Amino acid sequence: MIDFGYGLTPSSTLKIEDVRLPAFGELLRREPDAAKCIACGSCAASCSAGVFTEMNLRRVILSLQRGREKETLPLLRHCMLCGKCQLVCPRGVNTRHLILSIGKVYQLEEDKR
Amino acid sequence: MKERILAAYDPFVLPFVFGMTFVLAYCLIALVKVLIQLNAADRRKFALSLITPTTIFKNIRDIFCDCLFHVKLWKRNKVLGYMHSSIAFGWFMIIVIGHIETILYIPERLHKMYYPIFFRYFMEEQNTTLQGSFFFFLMDFFLLVILSGIAIAIVKRFRSRIVGMRRTTKLTLTDRIGLYSLWAIFPLRWIAEGFTAGVAGGSFMTVPINWLLHNFMSKPENITVAWWLYSIALGTFLTVLPFTRYMHIPAEILLVPMRNAGLPVRHTRKGFSLAMLYSCPSCGVCIDACPMGVQKKNVKDATVYMVRNLKRRNRKRSLEIAEKCLMCGKCAALCQVQMDACGLRLAYRTSQERKQNRIPADFGYLNAVAPLPRTETEGKVLYYAGCMSSLTPVISRSVQQVLRHAGVEFELMDKDGSICCGRPLMLAGRQDEARALIEKNRKLIEESGARILLVSCAICYRIFKEHYDLIGVEVMHYTEYFNRLLQEGRLKVKNSHQTLVYHDPCDLGRGCGIYDAPRTALRAVGQLVPALKEREESICCGGSVGSLTLRYEDREPITRGALDNLTANNPEQIVTACPLCLKTFGRYATVPVADFAQILAENLDND
């Protein structure tokens, strides 16, 4: 859709070409649990860092799949790896390893550019 | 008594001499390498410990107890203890007696390294004299001791269950060569000395073998064949020794003083760690110990295989094993050479974290956390519930209830969201980030003016103890503190006579050595029944934050295994002292699981 620049709210269009599929594929290879997330938000609700910051694992995972990781990846820097999200996750996602892997995979991508 | 071979030399000694020279040279080079790789501070610490009288005494005692008598193994398994100490101590005694004989009879030959070993061949001693028969008897006695040990070793290799080991290590090719040559040495020695029993003298082992194999042993041309074979077996064993698990024999002698000097693990395979890797005897005790062993696919993730991969510089596999481990420390607690298995894994994780690029951490937001209200009251308690406890509010609530009952003045440290203690970051290998959290928490605690920091999470407690260095603040786990209140009579409880089983959380038990405080307190409120395996052998609940890659599905069998262990004596209630264990057990337990504080709070005597 063409953005004429007159919208009241910022465009929420998702562009398939923005999704970094190789990076997400590499993430899935390192931590297959990335595909298990149902975006229920339990992790965000229980997050220790979330009390002080905008840290929200659910949003990070969603944004990775939608090619909008730029805004959300820096949130991961606040993570204290305490593992509460892992305890509450109804899908049993290994969130701590997922966070570590996202950090490595996407930083690697960043370095390549 | 006379010298049989006047030249005091025969070519058959050559394999032995070659093997022995090689081993000595290899060990010397390895020793220098280990010492060079230590950093300056550690080297000074090590050197100092070598001249401190108390450590000298401790070193000597430990070397004898660990390397020769295998006291630790005796305590664990009598058959295996006998097997190892009979071979180690018996062989040691044979070498010592050989030297004593040489010193007594022909001291001028002592400089030949092979002479005491092949003493019987070169010297003709008679068993008709008191002295002669005494030494013959001693030699034969220790030979019998070793042969009995070897017999158990052979049985163990093929049927390990008979000697009480479920699984035993899968050996490498060089290990096998070493093993078979070790088995061959002593029967060959027996036969070789059987010959000399015919020409000189012998005792209850060597004389009968001479009689039994009389046709073979009466032919003089067979003598050198037997001694050649004995020497070749010795030479083979000694030559392959540095590349086999038998390297633990010389390495442990270095490891004991290094360990007693209190050196930390700083690297995965340098310095102290290298000495530790060499010291692994691949006995396989860690295989049965590992809680992940409930699934057969995890057997190869035991410490013994990690050590092997580290030795071979197999980085990929080492990292896999290092990241999968639950860090419960059970293998280290049971390890015969006290291998710091968790330390090695942590060193590996840290080195990997430092190497790889990743999104850097940013804990700047912590600066905005307001300081705690300052208290001037003497003996005021600061209670830190920790992250996990906010998911198990019953713990925090019960702790507060008990504290109020005892009339203790306290302050909550993390009622508005907690700052993590830093241990999870540390376990993930992010030492520097963990430091940032530690500094922040330390500042908060020290500025609060509290004298006692009460912690209800075993994970937090361990890092508070090990890495915080809080000045003027006593860190106490609630099991310790409540037990103290009970002993002082400030806390009054009634006994419900309910049967309880106590689960030792890894970080509290093996990590900090607290086993008795919770048990003493629980005996006051109920009837404590034992688990199958407890104290330092307790089984991890499977929820550990120590493991980075272990999947949710693979944690379940561990939890179920741990629960089976706890419920063996049909308790009415499982009690644990860690929010993570409580949460993990709660998922699958058929017996109600409660927290330590919860049980105390339920049984408070309000009269």
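Keep in mind that this is a model prediction, so the values were computed, not measured. (Residues numbered from 1 in each chain as written. Chains lettered and ligands numbered in written order. Predicted model: local features only at pLDDT ≥ 70, side-chain atom pairs only at ≥ 80, totals over all residues.)

This brings us to the overall build of chain B. Along its length, chain B carries 28 helices and ten strands. Dimensions along the principal axes, computed over C-alpha positions, put chain B at roughly 90 × 50 × 45 Å. (Helix = DSSP H or I, 4+ residues; strand = E, 2+ residues; numbered from the N terminus.)

Attention now moves to the overall build of chain A. When helices and strands are tallied, chain A shows six helices and zero strands. If you list the helices and strands of chain A from N to C, you get α-α-α-α-α-α. In terms of overall dimensions, chain A is globule-like: its C-alpha atoms have a radius of gyration of 15 Å, near the 13 Å expected for 113 residues. Its C-alpha atoms give chain A principal-axis dimensions of roughly 45 × 30 × 25 Å. Out of the 113 residues in chain A, the part that is buried amounts to 41%. Looking at chain A alone, contacts between residues at least 24 apart form 62% of all its contacts between residues at least 6 apart. (Rg over C-alpha atoms; globule rule 2.2 N^0.38 Å. Buried ≥ 20, exposed ≤ 12 C-beta atoms within 10 Å, placed from the backbone. Contact = placed C-beta atoms within 7 Å.)

Glancing now at the domain arrangement of chain B. Residue and element names in this part refer to chain B. Domain annotation of chain B identifies domain 1 (12-249), domain 2 (251-354), domain 3 (364-484) and domain 4 (491-602). Distance from the C-alpha centre of domain 1 to the C-alpha centre of domain 2: 28 Å. Put simply, the parts of the chain that give the side of domain 1 that touches domain 2 at least two residues each are helix H1 (14-37), helix H2 (40-51), helix H3 (53-68), helix H4 (71-76) and helix H12 (248-260). Per-element accounting of the side of domain 1 that touches domain 2 gives the leading share, seven residues, to H3. Its residues assigned to classes, the side of domain 1 that touches domain 2 shows twelve nonpolar, seven polar and ten charged. (Domains from an automatic or database assignment. Nonpolar A, V, L, I, M, F, W, Y, C, P; charged D, E, K, R; others polar.)

So, on to the sheet that holds strand S6 (residues 474-477) of chain B. All names here are of chain B. Spatially, the four strands line up as an open sheet ordered S4-S3-S5-S6, and their pairing is parallel. Each of the sheet's edge strands pairs with one partner strand only, and the pair in question is strand S4 (410-412) and S6. Averaged over all adjacent pairs, the angle separating strand axes in this sheet is 25°, with direction ignored. By the bridge criterion, four bridges tie strand S5 (residues 452-455) to S6 in an arrangement that is parallel. For Ile452, the partnering residue across the bridge sits in S6 and is Glu474. The sheet strands contacting helix H22 (residues 458-467) are strand S3 (381-384), S5 and S6, and the helix crosses S6 at an angle near 155°. Sheet strands touched by helix H23 (residues 478-488): S5 and S6. Its angle to S6, the strand with the most contacts, is close to 90°. (Pairing = 2+ DSSP bridges. Axes fitted to C-alpha atoms, helices over the stretch in contact; angles between N-to-C directions.)

Right, let's get into the confidence of the model for chain A. Of all residues in chain A, 97% have pLDDT values of 70 or greater, and the mean over the chain is 86. Element-level pLDDT for chain A is lowest in helix H4 (residues 69-72) of chain A, with a mean of 82, against a maximum mean of 92 in helix H2 (residues 42-46) of chain A. (pLDDT = per-residue confidence, 0-100.)

Let us now look at the sheet that holds strand S10 (residues 593-595) of chain B. Residues and elements named next belong to chain B. Taking strand neighbours across the sheet as the criterion, the four strands line up as S8-S7-S9-S10 in an open arrangement whose pairing is parallel. The open sheet has two free edges, formed respectively by strand S8 (527-528) and S10, since each of these has just one partner strand. Against the sheet, helix H25 (residues 516-525) contacts strand S7 (499-503), S8 and strand S9 (573-576), and its axis sits at roughly 165° relative to S7.

Attention now goes to the interface of chain A and chain B. Taken together, the contact between chain A and chain B spans 27 residues of the former and 24 residues of the latter. Looking at the side of chain A that touches chain B, the elements that each hand over two or more residues are helix H5 (84-88) and helix H6 (95-112) of chain A. In terms of residue count, the dominant contributor to the side of chain A that touches chain B is H6(A) (nine residues). Of the residues that constitute the side of chain A that touches chain B, the class distribution is twelve nonpolar, ten polar and five charged.

This paragraph deals with the environment of B:Ala524. Residue and element names in this part refer to chain B. Its place among the elements puts Ala524 in helix H25. A C-alpha to C-alpha distance of 45 Å links Ala524 and Arg159, two positions 365 residues apart in sequence. Ignoring sequence-local partners within four residues, the contact set of Ala524 consists of Leu486, Val493 and Asn495.

Here we take up unusual backbone geometry. All names here are of chain B. At Arg313, a residue that is not glycine, the phi angle is positive and equals roughly 60°. Mapped onto the secondary structure, Arg313 falls in the loop between helix H15 (303-311) and helix H16 (315-324). Taking the C-beta count within 10 Å as the criterion, Arg313 has 9 such neighbours and is therefore assigned exposed. One non-glycine residue with positive phi stands out, namely Asn570, at about 50°.

Below, the discussion takes up the nonpolar core. B:Ala275, B:Cys286, B:Leu453, B:Val455 and B:Leu600 are the most contacted members of the largest nonpolar core, which totals 202 residues. The contacts of B:Leu600, once residues within four sequence positions are left out, are B:Val402, B:Phe482, B:Val493, B:Ala521 and B:Val525. (Core = buried A, V, L, I, M, F, W, Y, C linked by C-beta atoms within 7 Å.)

All names here are of chain B. Taking 1.5 Å per residue, 13 residues should reach 18 Å; helix H19 (residues 393-405) reaches 18 Å between its end C-alpha atoms and fits that length. Those residues of H19 that fall on the buried side of the exposure criterion are Ile395, Ser396, Ser398, Val399, Val402 and Leu403. Viewed end-on, H19 has its buried residues packed into an arc of 165°, placing them on one side of the element. For H19, the secondary structure elements touched by its buried residues are S3, S4, H23, helix H27 (579-588), S10 and helix H28 (596-602). (Expected span 1.5 Å × (residues − 1). Arc of directions from axis to C-beta.)

What follows covers the environment of B:Gly379. All names here are of chain B. The residue Gly379 is located in the loop between helix H18 (341-355) and S3 in this model. Residue classification places Gly379 among the exposed residues on the basis of 9 C-beta atoms within 10 Å. Through-space distance from the C-alpha of Gly379 to that of Glu409 is 8.2 Å; in sequence the pair is 30 residues apart.

Moving on, we get to the packing of helix H8 (residues 173-199) of chain B against helix H11 (residues 221-240) of chain B. Residue and element names in this part refer to chain B. Interhelical geometry of H8 versus H11 gives an angle of 150° and a closest axis separation of 8 Å. The orientation of H8 relative to H11 falls into the category roughly antiparallel. Our pair here, H8 against H11, has a crossing hand that is left-handed. Within the contact between the two elements, H8 uses Thr174, Ile177, Gly178, Ser181, Leu182, Ala184, Ile185, Leu188, Arg189, Ile191, Ala192 and Phe195 and H11 uses Ile223, Ala226, Trp227, Leu229, Tyr230, Ala233, Leu234, Thr236, Phe237 and Val240. (Parallel < 35°, antiparallel > 145°, perpendicular 65-115°, else oblique. Left-handed = near helix turned anticlockwise from the far one by under 90°.)

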